[in-house]
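So you can see what is in the structure, the chains are spelled out below.
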Amino acid sequence: MAETHVLSALRSKYAELMGQLRVLERDAERLRVDLSHVECAIRLFNPDCELPTGKRPRKANRWSVGGNGTRMALAVLRDADRPLTAHEITLEAMRRAQMPTDDGIVVKAVASSLRGSLKRRVGNGVVVVEGFPKRWAIEGRT
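Residues numbered from 1 in each chain as written. Predicted model: local features only at pLDDT ≥ 70, side-chain atom pairs only at ≥ 80, totals over all residues. Heavy atoms only, no water.

As for unusual backbone geometry
Most peptide bonds are trans, and most residues other than glycine sit at a negative phi. Of note, the bond from Phe132 into Pro133 is cis; its omega dihedral lies within 30 degrees of zero at -5°. Within the secondary structure, Pro133 is located in the loop between strand E2 (126-129) and strand E3 (135-138). The phi angle at Gln98 is positive, at roughly 60°, despite the residue not being glycine. Here Gln98 shows up in the loop between helix H3 (86-96) and helix H4 (104-121). (Helix = DSSP H or I, 4+ residues; strand = E, 2+ residues; numbered from the N terminus.)

Structural notes on the pairing of E3
Relative to E3, strand E1 (residues 84-85) runs antiparallel, the two being bridged by 2 bridges. If you follow Leu84 over to E3, its bridge partner there is Trp136. Direction of pairing for E2 relative to E3: antiparallel, over a ladder of 4 bridges. Bridge pairing in E3 places Val126 opposite Ile138. Taking the residues that link successive antiparallel strands as the turn, the E2-E3 hairpin has 5 residues, and the phi of Gly131 there is positive, at about 120°. (Pairing = 2+ DSSP bridges.)

Let's talk about the nonpolar core
One finds Leu77, Leu84, Ile89, Leu114, Leu118 and Trp136 to be the most contacted residues of the largest nonpolar core, which totals 14 residues. Secondary-structure elements contributing two or more residues to this core are helix H2 (68-79), H3, H4 and E3. It is H2 that contributes the most residues to this core, 4 residues altogether. If near-sequence neighbours (up to four positions away) are discounted, Ile89 is found in contact with Ala73, Val76, Leu77, Leu84, Leu114, Leu118 and Trp136. If you look at the next biggest cluster of nonpolar residues, it comprises 5 residues, including Leu91, Met94, Val107 and Val110. (Core = buried A, V, L, I, M, F, W, Y, C linked by side-chain atoms within 4.5 Å. Buried < 20%, exposed > 50% of the residue type's maximum accessible area, 1.4 Å probe, protein only. Contact = heavy atoms within 4.5 Å.)

Put into structure tokens, the structure is as follows:
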């Protein structure tokens, strides 16, 4: 006979997975209905339109959720004693967020996102320091 604690854990895991599957099936049905509505709207404007087959959804990361990355980057700039490049800000912010910094692709993606955030904040507390590479600082601290 199987160990009762093993069997209990497996039954619990089974129930958890079944619950996740039901939620996903319900979401899939809702998405199919939404998709048919959008298709009908497209057909109103162009009945002969060839519809796309789909594209891969973007995967959210801890960096971009709720402006956490921007807040962390601004904290790095406030603590810095000199203007920093986006790459330097990214590495320090990722360290503070306890994100691994050894994957160059992830670091580049985060740095790109950070650059956009900093550009939008220029004149609103953030300044770009002249020169190459572009360096960023908090207004009044250059």
